[in-house]
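Single-letter residue listing:
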Amino acid sequence: MVRSCVTISLVDEARGGPFVFWDDLEAGCRAASELGFDAVELFLPAPEAVDDDTLSALLEKYKLQVGAFGTGAGWVIHKKQICDPDPTAREAAKTFIKSIIDKGGKYNAPAIIGSMQGRSGGNVDHETAMSYLRTALNELGDYAAQYNVPLIYEPLNRYETNLVNTIADGVALLKTLETDNVVLLADLFHMNIEEFDVPQAIRDGKGTIGHIHFVDSTRQACTRGHFDFDAITAAIRDIDYDGYLSAEAFPVPDPRETARLTIETIRKYFPKN
Ligand code: LER
Ligand code: MN
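Residues numbered from 1 in each chain as written. Chains lettered and ligands numbered in written order. Predicted model: local features only at pLDDT ≥ 70, side-chain atom pairs only at ≥ 80, totals over all residues. Heavy atoms only, no water.

J.: Please clarify how the packing of aromatic side chains should be interpreted in this entry.
T.: Note on aromatic pairs: each is described by the distance of the centres and the angle between the planes. As enumerated under the stated definition, the model contains 5 aromatic pairs in all. Seen in terms of ring centroids, F69 and Y107 are 6.1 Å apart; in terms of plane orientation they differ by 50°. Their pairing is tilted. Residue F69 is found in strand 4 (residues 65-70), and its partner Y107 is found in the loop between helix 4 (87-105) and strand 5 (111-113); the two are separated by 38 residues along the sequence. Judged by relative accessible area, F69 falls into the buried class, the value being 0%. You can call Y107 buried: its relative accessible area is 10%. Residues F227 and F229 carry aromatic rings whose centres are separated by 5.9 Å and whose planes lie at 85° to one another, so their mutual orientation is edge-to-face. F229 sits in the buried class, given a relative accessible area of 6%. Linked through ring pairs, F19, W22 and F43 together constitute an aromatic cluster. The aromatic ring of W75 is capped on one face by K79, whose charged end is 4.6 Å from the ring centroid. The residue whose ring lies beneath R90 is Y132, and the NZ or CZ to ring-centre distance is 3.6 Å. (Phe/Tyr/Trp six-rings, centres within 6.5 Å; stacked < 30°, edge-to-face > 60°. Helix = DSSP H or I, 4+ residues; strand = E, 2+ residues; numbered from the N terminus. Buried < 20%, exposed > 50% of the residue type's maximum accessible area, 1.4 Å probe, protein only. Lys NZ or Arg CZ within 6 Å of the ring centre and 35° of its normal.)

Right, here's the structure in full:
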């Protein structure tokens with residue numbers, strides 16, 4: 001069953017980024033719950049930014065799950081990436097991601113690797129960068145398995161990485177891994193830039209897509225762009241997707257309206273019985 005999710009960012013350095021609710025975890029959870037979301041996707045500056053008792057109490061109070069924890073703060077605040085030329089820095093990047101995986105383990109929530117993947121360039125040629133990426137995904141995928149959750153890897157558009165830009169390249173990458181515990185994140189915003197045909201790319205990702213950033217072509221809420229959600233949701237249904245549709249969107253015109261339009265679109269195509 002498809003489940004609904006909305007982002008909450010507590011990362012000051014990510015301001016201006018595509019997150020719906022900001023700064024106040026309880027206010028975000030309250031709004032998510034009032035609007036009928038199943039879960040929240042959390043962007044924390046570091047795992048200890050929210051203590052476990054506080055988070056557990058909020059989830060219980062507002063009847064929410066955590067859909068996933070983002071690791072983007074590892075890049076925007078701590079400047080750690082898994083393709084760094086310096087081996088010590090690569091290890092530090094993996095250590096940060098492990099700390100987010102540990103945090104998620106308490107909530108049955110996977111971690112997402114997006115901007116922390118980095119890119120090739122400078123002293124790191126493409127093949128070397130891909131080998132660093134594979135090494136990290138193997139290690140971190142196996143690490144996440146102790147919590148019975150996958151590790152989520154996100155192809156990004158060409159302006160954010162030059163490693164993996166499409167779902168097809170993501171599928172090919174997964175085939176080269178030793179671990180079977182990594183899934184792909186299909187972010188419709190990145191796909192709008194990189195894919196020939198977004199619904200077909202979703203179909204081609206069948207069996208590998210474990211999380212979806214559900215957003216319109218403008219990176220605003222569904223209906224505030226030119227996507228054909230009839231076609232996109234038909235593809236999501238065709239692949240028997242049963243993960244989260246998560247609103248990672250600019251809060252335009254405001255956070256609540258962004259969340260409302262997202263859940264309205266989710267409910268239109270995936271009504272609750
Ligand atoms: C994160 O989910 C994402 O989509 C990236 O664009 C953030 O840099
Ligand atoms: Mn995304």
